[in-house]
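Listed below are the residues making up each chain.
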Number of protein chains: 2
Amino acid sequence: MFSFQCLRIIRKKSRALLYEKKCNLKRLKLSKNDVEIENINKKYNHLAQVVVKTKYSSINPSDLNLISGTYPMSSKVFPDIGGIGSVGIVEKILKPISNSRLKIGDSVAYIRCHNCNVGAWQSKILVSESNLIKIPENVSLIDALFCLSGPITAYLMLHNFIKLQSGDLIIQNGANSQCGIAIIELAKYMGLKSINLIRRHNAETDKVLVHNLYNHGADHVFHYDEIIENVSNIKKLVGTPKLAFNCISSDESTLSLIKMLDENSKFITYGGMSRQTFSINPSIFIFKNISLCGFWLTQWRKDNLSMIDGLFSEMFHLKSSYILSTPKYQSIDVEYFDNVNTFYQNYHVPRIYPIFKF
Amino acid sequence: MFSFQCLRIIRKKSRALLYEKKCNLKRLKLSKNDVEIENINKKYNHLAQVVVKTKYSSINPSDLNLISGTYPMSSKVFPDIGGIGSVGIVEKILKPISNSRLKIGDSVAYIRCHNCNVGAWQSKILVSESNLIKIPENVSLIDALFCLSGPITAYLMLHNFIKLQSGDLIIQNGANSQCGIAIIELAKYMGLKSINLIRRHNAETDKVLVHNLYNHGADHVFHYDEIIENVSNIKKLVGTPKLAFNCISSDESTLSLIKMLDENSKFITYGGMSRQTFSINPSIFIFKNISLCGFWLTQWRKDNLSMIDGLFSEMFHLKSSYILSTPKYQSIDVEYFDNVNTFYQNYHVPRIYPIFKF
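Remember, it's a predicted structure, so these values are computed and weren't measured experimentally.

1. Let's talk about the nonpolar core
Turning to step 1, where the next piece is worked out: Of all hydrophobic cores here, the largest spans 181 residues; its most connected members are Leu28 and Leu292 of chain A together with Leu28 and Leu292 of chain B.
Turning to step 2, where the next piece is worked out: Sequence-distant contacts of leucine 292 of chain A, defined by excluding residues within four places in its chain, comprise Phe267, Phe278, Ile280, Ile284 and Phe285 of chain A together with Phe285, Ile290, Ser291 and Leu292 of chain B.

So, in structure tokens, the structure goes:
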């Protein structure tokens, strides 16, 4: 497929963050020039084989699930390379094709998926062209990186479940997450009204968090306990939404969504950040006809390959038009990856997102 | 609407089982000729007003919920008349219309609903013709009575959620309920394979119950704990269904359904017989794309008025063709309604259903 010499060059320069069984950020290991970069994607080997020099990688909740072994794409063979999404520069095209979309020097984004289960936390990746998304010149690598997970999930969930019209209400828990902020911003752009729920911290933190959500365009912000204790009055005040997004999945955070929902509503679960199960009263199905379903970006991408380029064009447009913001972040040099732990020990309000820099 | 004399005649003969706030079967009261029968259905008052002499009424879980106040149609004004379904004979047509479907002496079924919230546990009902279902001559009143709730729910749930083909697998908990038995019988008739789950009793009872389900046409019968402990092997043995029916809603009974389900499945809740909530792991939505929704016959009837006659024709056909069985029952004279309590204190295996006789 490509010459041994090429492989050696790539190998020599490859640095990767490796995880073992049931791993966490503390137990990651940086490889010592010994990771074999190979294209495991047999299906697309008629397409260009592209070497990308990674610049930044995300560290999202799904990345932590991946290395802990609770993610469906978690490896069963160890060590495996961590990381789901990254951005970088095309360094080499090993097998050029005539109608290639890419050329050396292009900015590209990579997202690990079912047909290319190659770790993103490495300094170089070798993948088929079809696994790369071209980043337009007016979008920075960092802005693109912060499009790859939350905002795309937000966009698809707002468009794919029920037909929403200007003025319609939506509700979410975990509103302070990356995806939550994107839901607020996209809802505002679409003319929707958003009801945003967060858990209660201390008064000072709450003030900053609530203020931050209003700054992003939230129409209403409540704590879970406010909803549970006072649902009738709040419904009178803000109305009853027909669509809810759940990324927390604790009892309190889901009950507060369900109590607010109208009959015949949809309740979409896209995360389990509480790492808990949640309780359901069967009457919500029978007498309120609420239906519960899920959303997983990785599965959507698998099922909608032909729509991915169009979707990312739209996302990059929303980014360059300042509809979607980029959060505060802190880049951590992969050579000093231990610093991620120090970072996570300090709670930042509003949140600052760590990313790996290669 | 009708003469005072008519009203007096009806009143004189009216006997009804009344419930107060948060009632149960023990605290029902038999009226003493003083219940006012009136047509609360304003919407259909251009149709015939029909007096039906009630012969039998069901005593289903939903009837117990109604009198306990946990059913959406439970009254807020007391006393109210209990009962959701009954069968009887047309005794009088107070306001004949030219194209009436009914004549005096016809057998009819009545089911309480949103637009005619009149109790079925009374010796006479006065309702619009549109609220009555004509029972064909080849179907007995008792057979018709046992069509009104479980079998219709079973029929609609098997037809309305996913397109099932001969050989497809379905799974249910509470398989020993009236609706559960109808699901088994209809699934067999449709060429489907049914996996039927029940809770564990003592060995002797279990033997009778399991045998009974196989007699009705069950393809597989398991206890909840068997599934939870041994799901991989059972899946290998029987396959993975794409449609589940839940009428119990306890943790054990729902977990055993969910563990058996394939990806992209539907899980339909139509009852909460355990009177518990149940826990859900968010990963079933995200990674297995299982969706949970509900079914409530009363709501379906409200939304599908024009389909009701056709549906009942089909049900009565299935009954007279012996596709749907009628369970063992014990009729309890309404004058001695206290006997229902005695009846419920003895557990019958297989179940015997009490009904009121007027």
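2. A short note on the relation of the copies chain B and chain A
Turning to step 1, where the next piece is worked out: Overlay of chain B on chain A (RMSD 0.0 Å): rotation 180°, translation along the axis 0.0 Å. Between the two chains, the operation in question is that of a two-fold axis. Within chain B, serine 279 of chain B has its C-alpha nearest the rotation axis, a separation of 2.1 Å.
Turning to step 2, where the next piece is worked out: A share of 100% of the interface residues of chain B reappears at the interface of chain A, consistent with the copies meeting face to face through the same patch.

3. Considering the packing of aromatic side chains
Turning to step 1, where the next piece is worked out: According to the stated counting rule, one finds 22 aromatic pairs over all chains in the structure shown.
Turning to step 2, where the next piece is worked out: Ring plane angle 75° and centroid distance 6.1 Å describe the contact between tyrosine 19 of chain A and phenylalanine 78 of chain A, whose orientation is recorded as edge-to-face. Placement of the pair is tyrosine 19 of chain A in strand β1 (residues 17-19) and phenylalanine 78 of chain A in the loop between α2 (61-68) and β4 (80-81), with a sequence separation of 59 residues.
Turning to step 3, where the next piece is worked out: The buried category is assigned to tyrosine 19 of chain A, whose relative accessible area is 0%.
Turning to step 4, where the next piece is worked out: What makes phenylalanine 78 of chain A partly exposed here is its relative accessible area of 28%.
Turning to step 5, where the next piece is worked out: Aromatic rings pair up to connect Tyr71 and Trp296 of chain A together with Phe287 of chain B into one cluster.

4. Observations regarding the UniProt feature "domain: Alcohol dehydrogenase-like C-terminal" (unreviewed entry) in chain A
Turning to step 1, where the next piece is worked out: Those places that UniProt annotates as "domain: Alcohol dehydrogenase-like C-terminal" (unreviewed entry) correspond, in this numbering, to residues 180-301 of chain A.
Turning to step 2, where the next piece is worked out: Secondary structure across residues 180-301 of chain A divides into 48% helix and 20% strand, with the first and last C-alpha atoms of the span separated by 20 Å.

5. Overview of the domain arrangement of chain A
Residue and element names in this part refer to chain A.
Turning to step 1, where the next piece is worked out: Partitioning chain A into domains gives domain 1 (4-148 + 326-357) and domain 2 (162-294).
Turning to step 2, where the next piece is worked out: A separation of 32 Å is found between the C-alpha centroids of domain 1 and domain 2.
Turning to step 3, where the next piece is worked out: Taken together, the contact pairs ten residues of domain 1 with ten residues of domain 2.
Turning to step 4, where the next piece is worked out: One can count zero salt bridges joining domain 1 with domain 2.
Turning to step 5, where the next piece is worked out: Inspection of the region where domain 1 meets domain 2 yields three residue pairs in polar contact (both at pLDDT 80 or more).
Turning to step 6, where the next piece is worked out: Counted by class, the side of domain 1 that touches domain 2 contains seven nonpolar, two polar and one charged residues.

Reading the values: the criteria
- Residues numbered from 1 in each chain as written.
- Chains lettered and ligands numbered in written order.
- Predicted model: local features only at pLDDT ≥ 70, side-chain atom pairs only at ≥ 80, totals over all residues.
- Heavy atoms only, no water.
- Core = buried A, V, L, I, M, F, W, Y, C linked by side-chain atoms within 4.5 Å.
- Buried < 20%, exposed > 50% of the residue type's maximum accessible area, 1.4 Å probe, protein only.
- Contact = heavy atoms within 4.5 Å.
- Least-squares fit on C-alpha atoms with pLDDT ≥ 70 in both.
- Phe/Tyr/Trp six-rings, centres within 6.5 Å; stacked < 30°, edge-to-face > 60°.
- Helix = DSSP H or I, 4+ residues; strand = E, 2+ residues; numbered from the N terminus.
- UniProt positions renumbered as here; feature names shortened; annotations may be inferred.
- Domains from an automatic or database assignment.
- Salt bridge = Lys/Arg side-chain N within 4 Å of Asp/Glu carboxyl O.
- Polar contact = N/O pair within 3.5 Å; in protein donor to acceptor, adjacent residues only side chain to side chain.
- Nonpolar A, V, L, I, M, F, W, Y, C, P; charged D, E, K, R; others polar.

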